[in-house]
2 protein chains.
Amino acid sequence: MNTIFNHIAIVGLGLIGGSLARVVKEKKLAHKVSAYGRTIERLKKARSLGLVDDCYDRFEDRLHEADAVVIATPVGIIEEQALALTPYLRKNALVTDVGSVKGPIVSAIEPRMPQETFFIGGHPIAGTENSGFESSIAELFEGRICVLTPTRQSDAGALERVRKLWAAAGSSVVMMDAEVHDKIVAAISHLPHMVAFTIVNAIAGMKDFEQNILEYSAGGFRDFTRIAASDPVMWRDIALMNRDNLLQTLDFFTRALEDLKNAVSTGNGCRLEELFRQSRDTRRGI
Amino acid sequence: MNTIFNHIAIVGLGLIGGSLARVVKEKKLAHKVSAYGRTIERLKKARSLGLVDDCYDRFEDRLHEADAVVIATPVGIIEEQALALTPYLRKNALVTDVGSVKGPIVSAIEPRMPQETFFIGGHPIAGTENSGFESSIAELFEGRICVLTPTRQSDAGALERVRKLWAAAGSSVVMMDAEVHDKIVAAISHLPHMVAFTIVNAIAGMKDFEQNILEYSAGGFRDFTRIAASDPVMWRDIALMNRDNLLQTLDFFTRALEDLKNAVSTGNGCRLEELFRQSRDTRRGI
């Protein structure tokens, strides 16, 4: 018996929410899966595809039936959605989220949860440059890491149920402080996205070519810039919400780039080879 | 009848040279394919694998039999190899190369070619982060662009034969000035590699984490940094040989990054969204 929840409600049925719905149904992790969102027509389409059992556009409809609520909206509105739905939670209901920034979300939501309801911050590190439940797959979380960011106030039973959910979805679940999480993702996810966005813009902005030079891009460049096609609104919100950590990693990157530029401009082949060898060895180690 | 050459000699049997040998043999583009290199044991292994018909470690051996010579060594020694082999060329022999920088190579080699021999600079835009003929495949050039950089002195017949070779290997052949080529690759290839090397080094250098944060990297980061595992010596030479163009694109990139950092630090969501949207639209257009 795999069932962890009776009725799981997913708020925001995009790539992550849709993929979670699929794996919950496929592995029977809940008796019922429902979806909440603003556009009922879209949700009905997901229902007709079998992703969810039912769908609603107002929390007052049936949210009180859910023993678990996963907020999988764009990260910029997770806090707002959490506060909007708390009045309709049943006793002992568990709320979690999938936002890629954790500090501001956890500290905004946790203290405002009603008595005898629980909030656990979560971040499944999965996803592609695609969005929408049309791109969702039940295997999205397989072999991935899911970070949970409990606080000293977190309920142990609630934490364990969220852990079970992501473990059952195929992820390795790691617990850490929200602040540590935000520093780590600033480095390994937010910085690379900023750099990818910037390099595509920089190259597109080079006006001294008569032709579209992007035509000459080989496989390396395509892979390199794939993440530059990610959702602009989501990334705007991530950049704003994780601003301080992001600025710190951007500064760190800028200094490393100055080091490289200096080696190029002085023709320091030894230093260049050393830098490239370091990078290759690190990359091969991943 | 596909045959373009009688005997094609490939100097440097790595990923590019090996893949070219494979496609030449597979499509019978020459009656004989031979390989030249410093380590005869490696070449013999390639011969035993059927990549080439014969192999030599000295140009004086049989280079005078070749009507076409392709220099596929690391870019940093192409000039040196070209000058070392010219004394052994037969009349009407054609020499071309596959270096990813063209200006310095063409201007060094072309004026020093013996009478009645021909040099055409070339750059098949193909390759992966792997190297060595063990990674070679006959399909490497399929659907790719190959740039040729003839000059006003180039022999039209020689140029046509090189064009035919790469077209038969499956590439779209484009002709342009060596200087234009070098500016384009600085932007779409050399800059992204420098950035990938730097981001991996920057993240590896962040010492304020107790754990190896690269473990948390998702697919996006892996794809993004794949090119950071490229050959350090090759990239050292590319950076040095295309220094001025590379510095210019690095400056361009740095300015675009400052623009982004400014939007992050001032919390300018509109500007961030605009930048990310621009980048997504450009990337989708590739």
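Residues numbered from 1 in each chain as written. Chains lettered and ligands numbered in written order. Predicted model: local features only at pLDDT ≥ 70, side-chain atom pairs only at ≥ 80, totals over all residues. Heavy atoms only, no water.

Looking at the relation of the copies chain A and chain B
Short version of the rule: Least squares is the method used to superpose the copies, on C-alpha atoms of residues holding a pLDDT of at least 70 in both. Here, two residues are considered to be in contact whenever any of their heavy atoms come within 4.5 Å of each other.
By a simple turn and slide, chain A fits onto chain B: the slide is 0.0 Å along the axis, the RMSD is 0.0 Å, and the turn is 180°. Interpreted geometrically, this transformation is the action of a two-fold axis. By C-alpha distance to the rotation axis, the residue of chain A lying nearest is F224 of chain A, at 2.1 Å. Taken together, the interface assignments show that 100% of the residues at the interface of chain A recur at the interface of chain B, consistent with an identical surface on both copies.

As for the interface of chain A and chain B
The cut-off we apply is this: The term salt bridge refers to a pairing of a side-chain nitrogen on Lys or Arg with a carboxyl oxygen on Asp or Glu at a separation within 4 Å. Contacts described as polar in this section are N or O atom pairs within 3.5 Å, which, within protein, must combine one atom able to donate a hydrogen with one able to accept it, while residues neighboring in sequence count only if both atoms come from side chains. Every helix listed is a DSSP run of H or I at least four residues long, and every strand listed is a run of E at least two residues long, numbered separately from the N terminus. Throughout this entry, Asp, Glu, Lys and Arg are counted as charged residues, while Ala, Val, Leu, Ile, Met, Phe, Trp, Tyr, Cys and Pro are counted as nonpolar. The remaining residues, Gly among them, count as polar.
Listed per partner, the contact involves 86 residues of chain A and 86 residues of chain B. When the shortest N-O distance is used, the salt bridge between D251 of chain A and K261 of chain B registers 3.3 Å. Counting the contacts that link chain A with chain B gives 18 residue pairs in polar contact (both at pLDDT 80 or more). For the side of chain A that touches chain B, the secondary-structure elements that each account for two or more residues are α7 (178-204), α8 (219-225), α9 (232-241), α10 (243-265) and α11 (269-285) of chain A. Among the elements that make up the side of chain A that touches chain B, the one with the highest residue count is α7 of chain A (18 residues). By residue class, the composition of the side of chain A that touches chain B is 48 nonpolar, 20 polar and 18 charged.

With respect to the pairing of strand β7 (residues 122-125) of chain B
Residue and element names in this part refer to chain B. Applicable threshold: Partly exposed residues are those whose accessible area sits between 20% and 50% of the maximum for their type, while under 20% is buried and over 50% is exposed, using a 1.4 Å probe and protein chains only. Should DSSP find at least two bridges between two strands, the strands are regarded as paired.
Burial of the side chains of β7 extends over both faces: G122 and P124 are buried on one face and H123 and I125 on the other. Two strands pair when backbone bridges link them, and β7 and strand β8 (residues 145-148) are joined in this way by 4 bridges, in the antiparallel orientation. Following the sheet pairing, I125 is matched in β8 by I145.

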